[in-house]
Each structure stands twice: as structure tokens, then as C-alpha cells.
Amino acid sequence: MTIRDDHALAGDLATEAGERLLRVRERTGFGDAAALRAEGDRSSHLFLMESLARLRPSDSVLSEESTREERFDPRRLSAPRVWIVDPLDGTREFSEEGRSDWAVHVALWEQGRLTAGAVALPAQGRTLTTADPPKPPAFESGRFRIAVSRTRPPEFVRKLAVLVGADLVPIGSAGAKICAVLTGEVEAYVHAGGQYEWDSAAPVAVAQAAGVHCSRIDGSELTYNQADPSLPDILVSLPELATSLLAGIRDLHR
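Residues numbered from 1 in each chain as written. Predicted model: local features only at pLDDT ≥ 70, side-chain atom pairs only at ≥ 80, totals over all residues. Heavy atoms only, no water.

## Digging into the packing of aromatic side chains
Move 1: Inspection of the entire model under this criterion finds three aromatic pairs.
Move 2: Relative to Phe144, the ring of Phe139 has its centre 5.8 Å away and its plane inclined at 80 degrees; by these criteria the two rings are edge-to-face. This pair shows no difference in class: Phe139 is buried, exactly as Phe144 is.
Move 3: When the centroid spacing of 5.1 Å and the interplanar angle of 10 degrees are considered together, the rings of Tyr196 and Trp198 count as stacked.
Move 4: A relative accessible area of 39% means that Tyr196 is categorised as partly exposed. (Phe/Tyr/Trp six-rings, centres within 6.5 Å; stacked < 30°, edge-to-face > 60°. Buried < 20%, exposed > 50% of the residue type's maximum accessible area, 1.4 Å probe, protein only.)

Here it is as C-alpha cells:
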């Protein structure tokens, strides 16, 4: 692993964790989905925590797989640098043979904002990073596509799609959905069913670096490294669509 800077580190760690997860999939098989999910979460978390402790020993870490005590450690709130990681985003998809819409998230928060991040999509063979963010295609006119949860798309998003003239595209993990906006597979992602900081920090870091709109569904700023890591809703879209999507959401919530 070559370590150059925080952007490169995020990309290297996400990529290597993803490669390890592919080996876990191959070694464990798909016969016992619960065991595969547990081993994937455990092994990726240990790798990321050990790597960050060795390579960035002065930084704090918030991981989905941290204990409750670690998540709510007050020292994290006063730390100048906090890595926010999701060792395996999309455990359901990870445990289903043939699915590639799962991810590894590694993001760095510094002094109030996300400054570096990477999302590895191991089964797709790619990692998107803030070092070299993709350039999303421009939207011109017509119908567009909104990424939604495969298993629990919010009802209001169905209504929103009708209101703004969009089609819904089910995709697995939050990271895979946001990356789909960046790679042109969809034009937006809207979610309001409950999430945490680790679900969105890394993909939002990359999306912001790519110039894509990222906000809460009321248009307010996404904030990270909070005492309560809950961050329940999100809108990520091509800039040209943000105004109409936010207006549609406001109309539906009146």
C-alpha cells in the first residue's frame, strides 16, 4: 500500500478492504448469509481500524462496527481529525451471490467538514475518490432517474417521482446509490428512511469534490462528527435538478 496523502490513503484503504471482502466472499461462500455478513463486517472493520491506528495514530475513528461506547466517546467531538468509515455498506447485497451494489466507505472529517474520502465498489472493480473524482454528465431535459432502496423505498419518493417526472431505480447500498449519480447511471438519490454518518460520509465527500449537490431533504447542510451520529435523510443530485427536487419535496411535506 502506497501512502501519499489523505486522499490517497482513503482510496488505498477502501480498495484493500474491498479486495479482502472479495476473498471473504470466495472463502466463506453463500450458503450461510448471516455468517458471511458477520465475517465481512468483522474482517473489514478490523483491517480499517488497525490500518488507521498504525498510519494515522493521532486521529479518531467513527466506524459503523464500533461499540456503542466508542461511538459516543466524547473525545471524538473535540478531535480535529476524525475518520468516518463503513467497513461494509450493503451487507445484504454482499451476502447475495452475483450482486455488485455493495461498498466500502472511508472518509476524513476535519474541523467541521469532509476533506477526503473514497468509496470502493469491489465487485465492480472500481474505487471513486476525492483525489480524482468522476465528472458526472450534465442533465439537459426530460425524464430522469432516482436511485432508491431495493427493499424499503420511502413512499414519499414514489410520489416525488410522479411529481417531478422521474423513474425509480432500485440499488443496494447507499454508497452504490450515490456513486450511481456520479457515474451517470441515475441522476439523483433521495432517502428519508433513516441512516447514520458512516452511510453517507465517504460518498458525499466524493460527490462534493465532483461538484454534485448534497444536502438534507429540506435543503440544509449535511453535518458530520456529531454527538448523535444519526443522519436520517439525504438528497444527492446533479446540480441542475436540485432546485426542482427540493421544491417537490417541500410540496409533499406541506
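Don't stop here, the text continues.
## Remarks on the side chain of Arg25
Move 1: If you trace the backbone, Arg25 turns up in helix H1 (residues 6-28).
Move 2: Residues within four places of Arg25 in sequence aside, it is in contact with Phe30, Leu36, Glu93, Phe94, Glu96, Gly98, Arg99, Trp102 and Ala123. (Helix = DSSP H or I, 4+ residues; strand = E, 2+ residues; numbered from the N terminus. Contact = heavy atoms within 4.5 Å.)

## Quick notes on the pairing of strand S10 (residues 234-237)
Move 1: Side chains Ile234 and Val236 project from S10 onto one buried face, and the interleaved Leu235 and Ser237 project onto a second face that is buried too.
Move 2: Pairing of strand S8 (residues 188-191) with S10 involves four bridges; the strand directions are antiparallel. Considered in S10, the bridge of His191 is made with Ile234.
Move 3: In this sheet, S10 lies alongside strand S9 (residues 213-215) in antiparallel orientation, the contact comprising three bridges. Looking at the pairing, His213 lines up with Ser237 of S10. (Pairing = 2+ DSSP bridges.)

## Brief notes about the nonpolar core
Nonpolar side chains in soluble globular proteins tend to be buried together.
Move 1: Counting residues in each nonpolar core, the largest one holds 55 residues, and the members touching the most others are Ile146, Val190, Tyr224 and Val236.
Move 2: For this core, the two domains that each supply at least three residues are domain 1 (6-128) and domain 2 (144-253).
Move 3: Residues contacting Ile146, with those up to four places away along its chain left out, are Val157, Ala166, Asp167, Leu168, Val169, Ala188, Tyr189, Val190 and Leu245. (Core = buried A, V, L, I, M, F, W, Y, C linked by side-chain atoms within 4.5 Å. Domains from an automatic or database assignment.)

## So, the UniProt feature "binding site: Mg(2+)" (unreviewed entry) in the protein
Move 1: Under the UniProt annotation, "binding site: Mg(2+)" (unreviewed entry) lies at Glu64, Asp86, Leu88, Asp89 and Asp199. For this annotated set, covering 136 residues, all C-alpha atoms fall within 9.6 Å of each other, a compact arrangement in space.
Move 2: By the secondary structure assignment, Asp86 is in strand S2 (residues 81-89).
Move 3: Assessed through its relative accessible area of 0%, Asp86 is described here as buried.
Move 4: With near-sequence residues (within four places) excluded, Asp86 lies in contact with Glu64, Val104, His105, Trp198 and Asp199.
Move 5: For Asp199, a relative accessible area of 13% gives the class buried. (UniProt positions renumbered as here; feature names shortened; annotations may be inferred.)

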